[in-house]
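Examination of the molecular architecture
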Amino acid sequence: VQLQASGGGLVQAGGSLSLSCAASGRTFSNYIMAWLRQAPGKEREFVATITQSGGTTYYADSVKGRFTISRDNAKSTLYLQMNSLKPEDTAVYFCAAGRTTTFRSSGYPYWGQGTQVTVSS
């Protein structure tokens, strides 16, 4: 499956951004999807994941209550709505696809190219 993330940008602290990830090549609804991020000088970290039907979601504690992951299987698209953004949310955000629910980056064999999110204080 090929993934392409979009929607990043520059926003002030407290603002909102919405990311999208368009999938192609294979049946999107077969995959567990996730968002992960990598800040400068830091390891890639889990943000959120969603099951194939969209019925179950998991979030990192750092984003719980502020971010919402969702998917539209008819459009083969994954979303991440980010509210109440903080400077520490600044990172490159990646969408990823896999067959198991995991918080580990290594658990996702398919990755998008990443989109930069910068939150100014």
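It should be emphasised that the depicted structure is a prediction, and the values quoted were computed from it without experimental measurement.

The next subject is the nonpolar core. W35, L78, L80, M82 and Y93 are the most contacted members of the largest nonpolar core, which totals 37 residues. Mapped by element, the contributors of at least two residues to this core are β1 (2-6), β3 (17-24), β4 (32-38), β5 (45-50), β7 (67-72), β8 (77-82), β9 (91-98) and β11 (115-120). Discounting chain neighbours no more than four positions away, the residues touching L78 are L19, S20, C21, F28, M33, A34, W35, I50, I69, S70, R71 and C95.

Mapped onto the elements, G8 comes out in the loop between β1 and β2 (9-12). For the pair G8 and G65, spaced 57 residues apart in the sequence, the C-alpha separation amounts to 20 Å. Look past the residues within four positions of G8 in its chain and what remains in contact with it is L17, L19, T115, Q116 and V117.

In this section: the pairing of β9. Across the eight residues of β9, seven count as buried, placing the element largely inside the fold. Two strands pair when backbone bridges link them, and β9 and β11 are joined in this way by three bridges, in the antiparallel orientation. If you follow Y93 over to β11, its bridge partner there is T115. Sheet topology note: the β9/strand β10 (residues 110-111) ladder contains two bridges and is antiparallel. Paired with A97 across the strands is Y110, a residue of β10.

Definitions and cut-offs
Residues numbered from 1 in each chain as written. Predicted model: local features only at pLDDT ≥ 70, side-chain atom pairs only at ≥ 80, totals over all residues. Heavy atoms only, no water. Core = buried A, V, L, I, M, F, W, Y, C linked by side-chain atoms within 4.5 Å. Buried < 20%, exposed > 50% of the residue type's maximum accessible area, 1.4 Å probe, protein only. Helix = DSSP H or I, 4+ residues; strand = E, 2+ residues; numbered from the N terminus. Contact = heavy atoms within 4.5 Å. Pairing = 2+ DSSP bridges.

No statement about biological role is implied by the geometric values presented.
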